[in-house]
Amino acid sequence: MDSGIMHETKTHGKLAFPYIVYHGNIPEYLRTYPLHWHDEMEIIYVVKGQGLVTVQASKYALQTGDMIVLLPQIVHSIEQLDNAEMEYFNILFQFSLLDSGVNDYCYQKYFKPFYEHTKTLPTYLPAGDPLNRLLLPYICDLIQNRKQSYNGYELMVKSALFAIMHCLDLNSTQTSGVERSLQTTYEKLKQLLSYIQANYAKPLSITQAAAICGFSESHFMKLFKDLTGNTFTQYLKNFRLEAAAAQLAEGSQKVIEVSENVGFHNHSYFTRSFTARYGVSPLEYKKSVLPAINNPHHSGLE
């Protein structure tokens, strides 16, 4: 996983059939999938363990059986909760998969409002929640058949997705003015996240960050903390450390080279910061993850 991704532009699944189910485990050789967003609808289902998912300004401590429902373009992240492990599945699909063509009545009535965020959905569905129980049979069918290619497979997938969207639509509400305002603020924040993605190795001050978003420094610092749960300085530092972990996992560069690559020019400070976040030094981390990556049974996302 590329820890630098913010706006995922790759097609999940096939271009002609934009749908896929990923199998994930936290931690593997990375402990976090940082804040990002994509054009697909996503459902996260926890099979076993515990983990932390951040959606916009809210954090959810997930456990076995819980679900997270994410509309397109929603900023979110997945990370390890304390020292716990989490096995989960991500179901991603584009609404275009369920669109029959120009001016499709169902698309206009049921899907477009979700894409444009004029309607919203409950995000967190704990195990045992009535909507969770309603969705679970369809989710399980999609997971169990994720590697199938039998004749009619696409029809099964689309029928399950239509059923899921029907259940979700019955539990949807009109987006409030406060929520729309928050979404507008997030659009400005996304500009900064994209900038960090491309320039995280360069110096970036609070003044520059606030200017990218179009806010005063004081307003920016408050909003950023409210919306991400971290100060801007903490977020940038953590992002650089996550980028460092990804580069160390590749195994081709020396620790000092990785430190410089991600914007830490004080190598002692880099080592202290990395050790505080990951519990081991950069060199120890590099040695520990390489065997797992080179192991032919290392699954990653599948």
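Residues numbered from 1 in each chain as written. Predicted model: local features only at pLDDT ≥ 70, side-chain atom pairs only at ≥ 80, totals over all residues. Heavy atoms only, no water.

Considerations on the overall build of the protein
To keep it simple, the criterion reads: Counting from the N terminus, the helices are DSSP H or I runs at least four residues long and the strands are E runs at least two residues long. Note on method: radius of gyration uses C-alpha positions; expected globular size equals 2.2 Å times residues raised to 0.38. Summary of the burial criterion: residues with accessible area below 20% of their type's maximum are buried, those above 50% are exposed, and those between are partly exposed, where the area comes from a 1.4 Å probe applied to protein chains only. Throughout, a residue-residue contact means that at least one pair of heavy atoms, one from each residue, lies within 4.5 Å. Only the protein chains shown count as cover for residues, and the accessible areas themselves come from Shrake-Rupley with a 1.4 Å probe. Asp and Glu are treated as the negative residues and Lys and Arg as the positive ones, with His and the ends of the chain left uncounted. Think of each charge as sitting on NZ of Lys, CZ of Arg, CG of Asp or CD of Glu.
Within the protein, the regular secondary structure consists of 10 helices and 11 strands. The C-alpha radius of gyration of the protein comes to 20 Å, within 12% of the 19 Å expected for a compact globule of 302 residues. Projected onto the principal axes, the alpha-carbon positions of the protein cover approximately 60 × 50 × 35 Å. Expressed as a percentage of the 302 residues in the protein, the buried residues total 48%. Of the contacts formed within the protein by residues at least 6 apart in sequence, a portion of 73% connects residues at least 24 apart. Carbon and sulfur atoms provide 53% of the accessible area of the protein, an area that totals close to 14,500 Å². Here the protein carries 25 positive and 28 negative side-chain charges, and the mean point of each set is 4 Å from the other.

Comments concerning the packing of helix 4 (residues 177-199) against helix 6 (residues 217-228)
Note the following rule: For every element, the axis is a line fit to its C-alpha atoms; helices are fit only across the contacting stretch, and the angle between N-to-C directions ranges from 0 to 180 degrees. By the definition adopted for this analysis, an angle is roughly parallel if under 35 degrees, roughly antiparallel if over 145, roughly perpendicular if from 65 to 115, and oblique otherwise.
Two elements in contact, helix 4 and helix 6, have axes whose closest approach is 11 Å; the angle formed by their N-to-C orientations is 100°. Regarding the angle of helix 4 to helix 6, the classification is roughly perpendicular. Listed contacts from helix 6 to L182, T185, Y186, L189 and L192 of helix 4 are F220, L223, F224, L227 and T228.

A closer look at the packing of aromatic side chains
Formally: Any two rings among Phe, Tyr and Trp, with Trp reduced to its six-membered ring, count as a pair given centres within 6.5 Å; such a pair is stacked if its planes are under 30 degrees apart, edge-to-face if over 60, and tilted if neither. In our convention, an over-ring charge means Lys NZ or Arg CZ found within 6 Å of a ring centre and within 35 degrees of that ring's normal.
Applying the stated criterion to the full structure yields 19 aromatic pairs. Arranged with centres 6.2 Å apart and planes meeting at 65°, the rings of F93 and F95 form a pair that is edge-to-face. Given the relative accessible area of 4%, F95 is considered buried. By way of ring pairs, the aromatic residues Y200, F220, F224, F232, Y235 and F239 are connected into one cluster. Stacked on the ring of Y278, the Lys or Arg R277 has its end atom at 6.0 Å from the ring centre.

Digging into the pattern of salt bridges
Where we set the bar: Any Lys or Arg side-chain nitrogen located within 4 Å of an Asp or Glu carboxyl oxygen qualifies as a salt bridge.
Under the counting rule described, the total for this entry stands at six salt bridges. A salt bridge links K190 to E187; the nearest nitrogen and oxygen atoms lie 3.1 Å apart. Taken as a pair, K190 and E187 lie in helix 4 at a separation of three residues, close to a single helical turn. A salt bridge links E242 to R277, with the nearest nitrogen and oxygen atoms 2.8 Å apart. One end of the pair, E242, is in helix 7 (residues 232-250); the other, R277, is in helix 9 (residues 267-278), and 35 residues separate them in sequence. For E242, a relative accessible area of 7% corresponds to the buried category.

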